[in-house]
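Observations on chain architecture
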Amino acid sequence: MAIKTIGVVGAGQMGAGIAQVAAATGRDVILQDIAPEFVERGMATIRGSLDRFVAKGKLPADEAESIRARITPSVEQAPLAKADLIVEAIVENQKIKQELFAELGQLCPPGTILASNTSSISITELGKASGRPAQFIGMHFMNPVPLMELVEVIRGRETSDAACEAVMELAREMGKTPVEANDFPGFVANRILMPMLNEACYALMEGVAEAEAIDTVMKLGMNHPMGPLALADYIGLDTCLSIMEVLHRGFENEKYLPCPLLHEKVAAGHLGRKSGRGFYEYS
Ligand code: CAA
């Protein structure tokens, strides 16, 4: 199953990173989003990341330029029909993702593999919505995509061996280490990470310690590169809340109840870094 052209739907932080590492394999990439300002912001994210690698001497300037040039931004869905694999990285909402995959299932030739970067939603259910469950898979990247080595690969109930092998091989070519997980809510990464971030919210809400102190304990005490509250801000508090809701609904277990403080922050529009304010303020 040769993958020559890759489509990425959603030009946010994750989609831009995925487009960048996909183009770095030498493939042509179509980065699609619904509004010109979204694709422009995605392209700016990619330029910023490539510039950092060039400034540090990790990437020659001409190679950075070729990577950028291989990425074609688009606000139309039609060019995605040329892709052999499409990775979706839009909002973490099952209904919206299902609608998108139903459209992509109609648009693309039967051989095209559809992948979701969902952090928690059932791959089997998304695959069903696409109308091509054998050609459907989870490809879960970590933020920041250009730096993080893991790709969690999730097979739905009907995902074919060929689609899985193609995606595992592509992840390796992107310089990543793919790890297979089964289709449970939150898979492995967020089944373990999110309850920790949620617990940090409870610790803050209950006054166990200030945000900086909670983060310092986890950084210095557990050698985590970022404290849990800073990491939640980095991921996006709306995304963290959506994932906790998927865990809570999926397992029907109160231990996954999202912290009220997380609800409060999201309701106030304090979504973390992307909105300039979450547990911390960002300029
Ligand atoms: N592109 C290129 N370079 C980048 C970059 C990017 N997007 N982001 C950071 N860098 C570079 C910086 O330029 C810097 O380079 P030098 O050290 O050479 O100067 C280096 O990476 C370190 O960056 P910073 O100094 O800004 O900060 P840091 O040392 O704290 O590292 C980090 C940043 C890599 C993000 C690190 O803090 C980290 O690993 N944090 C944890 C990230 C994590 O857990 N991610 C998973 C989140 S969960 C997820 O994504 C899945 C989900 O479903 C929710």
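All right, on to the pattern of salt bridges then. Applying the stated rule across the entire model yields ten salt bridges. Among the salt bridges present, the one from Asp161 reaches Arg155, with a minimum N-O distance of 2.5 Å. When its relative accessible area of 22% is taken as the criterion, Arg155 is described as partly exposed. For the salt bridge of Lys274 with Asp238, the shortest nitrogen-to-oxygen distance reads 2.8 Å. Note that Lys274 is positioned in the segment after helix H11 (260-267) and Asp238 in helix H10 (residues 237-251), a separation of 36 residues in sequence.

Moving on, we get to the pairing of strand S8 (residues 177-181). Relative to S8, strand S7 (residues 150-155) runs parallel, the two sharing five bridges. In the sheet register, Val151 faces S8, and the bridge partner there is Pro178. Note on the crossover from S7 through helix H6 (residues 161-173) to S8: the handedness is right-handed.

Another point: the packing of helix H7 (residues 189-205) against helix H9 (residues 228-235). At a minimum axis separation of 9 Å, H7 and H9 run at an interaxial angle of 115 degrees. Judged by the sense of rotation from one axis to the other, the crossing of H7 with H9 is left-handed. Within the contact between the two elements, H7 uses Leu193, Met194, Met196, Leu197, Ala200, Cys201 and Leu204 and H9 uses Pro228, Leu229, Leu231, Ala232 and Ile235. The residue inventory of the contact of H7 with H9, partitioned by class, reads twelve nonpolar, no polar and no charged.

Let's shift gears to the site of the ligand. In the neighbourhood of the ligand, 18 residues make up the surrounding shell, with Ser49, Lys56, His140, Asn143 and Asn190 lying closest. At a separation of 2.8 Å, an oxygen atom of the ligand approaches a polar side-chain atom of Lys56. In the environment of the ligand, an oxygen atom lies 2.7 Å from a nitrogen or oxygen atom belonging to the side chain of His140. Protein chains shield 66% of the accessible area of the ligand, which is 1000 Å² for the free molecule. When residues of the shell around the ligand are traced back to their parent elements, those giving at least two are helix H2 (36-55), H7 and H9. Both domain 1 (5-182) and domain 2 (191-275) contribute no fewer than three residues apiece to the shell around the ligand.

What follows deals with the sheet that holds strand S6 (residues 136-141). The strand order S3-S2-S1-S4-S5-S6-S7-S8 describes an open sheet built from eight strands, whose pairing is mixed. At either margin of the open sheet sits one strand with a lone partner, and together these are strand S3 (71-74) and S8. Geometrically, the sheet is characterised by an average inter-axis angle of 25 degrees between neighbouring strands, direction not taken into account. This element, helix H5 (residues 123-130), spans strand S5 (113-116), S6 and S7 of the sheet and lies at about 130 degrees to S6.

Bringing the packing of helix H4 (residues 94-107) against H5 into the picture now. Closest axis-to-axis distance for the H4/H5 pair is 7 Å, and the angle between their directions is 40 degrees. Taken together, the axis directions place H4 and H5 in an arrangement best described as oblique. Two packed elements cross with a definite hand, and for H4 against H5 that hand is right-handed. Contacts between H4 and H5 involve Gln94, Lys97, Gln98, Phe101, Ala102 and Gly105 on the former and, on the latter, Glu125, Leu126, Ala129 and Ser130.

A word on the environment of Cys164. Along the chain, Cys164 falls in helix H6. Residue classification places Cys164 among the buried positions, given a relative accessible area of 3%. Leave out the neighbours within four places in its chain, and Cys164 touches Ile137, Val153, Arg155 and Glu180.

Evaluation of the coordinates by the stated rule reveals two aromatic pairs. Pairing Phe101 with Phe136 gives two aromatic rings, centres 4.7 Å apart and planes at 85 degrees, and the pair type is edge-to-face. On the criterion of sequence distance, the pair formed by Phe101 in helix H4 and Phe136 in strand S6 is long-range, its members being 35 residues apart. Both residues of the pair, Phe101 and Phe136, belong to the buried class. Ring centres of Phe251 and Tyr256 lie 5.3 Å apart, and the angle between their planes is 35 degrees; on these two criteria the pair is classed as tilted.

All right, on to the environment of Pro36 then. Its location among the elements puts Pro36 in helix H2. Pro36 gets classed as partly exposed once you look at its relative accessible area, which sits at 44%.

A few words on the state of the cysteines. Here the structure, examined in full by the defined rule, presents zero disulfides. With no disulfide of its own, Cys164 lies closest to Cys108 among cysteine sulfurs, the gap being 20 Å. Cys259 forms no disulfide, and the closest cysteine sulfur to it belongs to Cys201, at a distance of 5.0 Å.

Segmentation of the protein into domains returns domain 1 (5-182) and domain 2 (191-275). A straight line from the C-alpha centre of domain 1 to that of domain 2 covers 26 Å. If you look at the interface, domain 1 gives six residues, while domain 2 gives five residues. Taken over both partners, the interface formed by domain 1 and domain 2 buries close to 510 Å², and the fraction arising from carbon and sulfur atoms is 61%. Sorting the residues of domain 1 by area buried against domain 2 places Glu92, Ser120 and Asn143 first, and these three jointly supply 68% of that buried surface. The interface formed by domain 1 and domain 2 holds zero salt bridges in total. In this structure, the connection of domain 1 to domain 2 is made through zero residue pairs in polar contact (both at pLDDT 80 or more). Among the residues making up the side of domain 1 that touches domain 2, the classes are represented as two nonpolar, three polar and one charged.

Criteria and cut-off values
- Each residue is numbered by its place in its chain's sequence as written, counting from 1.
- Local features in this predicted model are restricted to residues whose pLDDT is 70 or higher, and side-chain atom pairs enter the listing and the counts only when it is 80 or higher, whereas totals over whole chains, interfaces and linings include all residues.
- The basis for every side-chain value is the complete set of non-hydrogen atoms in the structure, without hydrogens or water.
- The working definition used for a salt bridge is a side-chain nitrogen of Lys or Arg within 4 Å of a carboxyl oxygen of Asp or Glu.
- Relative accessibility decides the category of a residue: with a 1.4 Å probe and only protein chains considered, values under 20% of the type maximum give buried, values over 50% give exposed, and everything between is partly exposed.
- Here a helix means four or more residues in a row that DSSP labels H or I, a strand means two or more in a row labelled E, and each is numbered from the N terminus.
- Two strands pair under a simple rule: DSSP has to find at least two bridges between them.
- For a crossover, the right-handed case is the one in which the path from the first strand over the helix to the second runs clockwise, viewed with the strands pointing away from the viewer.
- Where helices are involved, their axes are fitted lines through C-alpha atoms of the stretch in contact, as for all axes, and angles between N-to-C directions lie from 0 to 180°.
- Crossing handedness follows the turn of the near helix against the far one: under a right angle anticlockwise gives a left-handed crossing, and clockwise gives a right-handed one.
- For this analysis, residues touch if any pair of their heavy atoms sits within 4.5 Å.
- Each residue gets one label: Ala, Val, Leu, Ile, Met, Phe, Trp, Tyr, Cys and Pro are nonpolar, Asp, Glu, Lys and Arg are charged, and the others, such as Gly, are polar.
- Any residue with a heavy atom lying within 4 Å of a molecule or strand is counted as near it.
- Definition of a polar contact: a pair of N or O atoms within 3.5 Å, with one able to donate and the other able to accept a hydrogen when the atoms are protein atoms, and with sequence-neighbouring residues admitted only if both atoms are side-chain atoms.
- Here the accessible surface of atoms and residues is derived via Shrake-Rupley with a 1.4 Å probe, and residues count as covered only by protein chains that are part of the display.
- Each domain's extent is set by a domain assignment, obtained either automatically or from a database.
- For classification, angles of less than 35 degrees are called roughly parallel, those exceeding 145 degrees roughly antiparallel, those between 65 and 115 degrees roughly perpendicular, and all remaining angles oblique.
- Pairing of aromatic rings covers Phe, Tyr and the six-membered ring of Trp, with a centre-to-centre limit of 6.5 Å; geometry is then stacked below 30 degrees between planes, edge-to-face above 60, and tilted otherwise.
- Here, a disulfide means two cysteine sulfur atoms that sit within 2.5 Å of each other.
- Note on terms: buried area is the combined drop in 1.4 Å-probe accessible area of two parts once they are placed together, counting the loss on both.

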